[in-house]
Amino acid sequence: MDGPTILSGEAYYLERKLLPPGALLTVSLEDVSTMDFASTMIAKTERTLEGAPPYPFELSWEPGAIEAGLRYSLRATISVSDRMIMTSTQTLDAFTHRTSCPGYGSSQSVERALRRATHAAPTRASPSFS
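## Some words on the overall build of the chain
Thinking step 1. Scanning the chain for helices and strands turns up zero helices and seven strands.
Thinking step 2. Secondary structure of the chain in N-to-C order comes out as β-β-β-β-β-β-β.
Thinking step 3. Relative to its 130 residues, the chain shows a buried fraction of 37%.
Thinking step 4. Only carbon and sulfur atoms are counted for the fraction: they give 50% of the accessible area of the chain, which is about 8,100 Å².

## Overview of the side chain of T26
Thinking step 1. In this fold, T26 is placed in strand β2 (residues 24–31).
Thinking step 2. Within the structure, the side chain of T26 is placed 3.2 Å from the side chain of E46, a separation counted as a polar contact.
Thinking step 3. Not counting residues within four places of it along the chain, the set of residues in contact with T26 comprises K44, T45, E46, R75, A76 and T77.

## A closer look at the pattern of salt bridges
Thinking step 1. Following the criterion strictly, the structure yields one salt bridge and no others.
Thinking step 2. A salt bridge links K44 to E46, with the shortest nitrogen-to-oxygen separation between them at 3.8 Å.

## A look at unusual backbone geometry
Thinking step 1. In this structure, P54 follows P53 across a cis peptide bond, with omega equal to 10 degrees.
Thinking step 2. One non-glycine residue, S81, adopts positive backbone phi at about 50 degrees.
Thinking step 3. For S81, the position within the fold is in the loop between β5 (72–80) and β6 (83–87).

## Structural notes on the environment of A23
Thinking step 1. Turning to its location among the elements, A23 is positioned in the loop between β1 (5–13) and β2.
Thinking step 2. Each C-alpha atom of the pair A23 and R47 lies 8.5 Å from the other, and the pair is 24 residues apart in sequence.
Thinking step 3. Excluding anything up to four places from it in sequence, A23 contacts R47, T48, L49, I78, S79 and V80.

## As for the pairing of β6
Thinking step 1. Counting buried residues along β6, four of its five residues qualify, which places the element largely inside the surrounding structure.
Thinking step 2. Examined bridge by bridge, β5 and β6 share four bridges and lie antiparallel to one another. Residue pairing across strands places T77 opposite T87, the latter belonging to β6.
Thinking step 3. Turn length for the β5-β6 hairpin, with the two strands adjacent in sequence and antiparallel, is two residues, and the turn residue S81 shows positive phi of about 50 degrees.

## Details of the nonpolar core
Thinking step 1. Judged by nonpolar contacts, the single largest core of 22 residues is most densely connected at L19, L25, V27, L29, L59, W61 and I78.
Thinking step 2. Contributions of two or more residues to this core are made by β1, β2, β4 (55–61), β5 and β6.

## Details of the environment of I66
Thinking step 1. With respect to the helices and strands, the residue I66 is situated in the loop between β4 and β5.
Thinking step 2. Overall, the relative accessible area of 8% leaves I66 in the buried class.
Thinking step 3. The spatial distance from the C-alpha of I66 to the C-alpha of D31 is 8.5 Å, given a sequence separation of 35 residues.

## Concerning the side chain of S79
Thinking step 1. Mapped onto the fold, S79 is located in strand β5.
Thinking step 2. S79 gets classed as buried once you look at its relative accessible area, which sits at 15%.
Thinking step 3. Excluding anything up to four places from it in sequence, S79 contacts G22, A23, L24, M84 and I85.

Procedures and definitions
Residues numbered from 1 in each chain as written. Predicted model: local features only at pLDDT ≥ 70, side-chain atom pairs only at ≥ 80, totals over all residues. Heavy atoms only, no water. Helix = DSSP H or I, 4+ residues; strand = E, 2+ residues; numbered from the N terminus. Buried < 20%, exposed > 50% of the residue type's maximum accessible area, 1.4 Å probe, protein only. Areas by Shrake-Rupley, 256 points an atom, 1.4 Å probe, with all protein chains shown as cover. Polar contact = N/O pair within 3.5 Å; in protein donor to acceptor, adjacent residues only side chain to side chain. Contact = heavy atoms within 4.5 Å. Salt bridge = Lys/Arg side-chain N within 4 Å of Asp/Glu carboxyl O. Pairing = 2+ DSSP bridges. Core = buried A, V, L, I, M, F, W, Y, C linked by side-chain atoms within 4.5 Å.

So, in structure tokens, the structure goes:
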């Protein structure tokens, strides 16, 4: 049996501002096949960020976790004190650039762009990026 599939990549944003201390990058691979239900998490990684982007990440999952014919999306967010401040805004099929079948011990690299998240009403004081 083949080992886990590995997806590596870099998350970045284009704003010319550094993130506040304690910023957390979360990258997840999700099954988004069912429109009326929440997505199903296949793999997730988190890391505290330091310095300027790009920020490397790596996801891994066992071969049986991916089913042919279903839709999968790669999502990235950056949060500070449990408040999302940046998120990926476009759906990215995690397997668009694959040269082999997903889920069978192969690897690939992707990039994920993030944009500032907008909030209708703050739930608590948020850090300033001024």
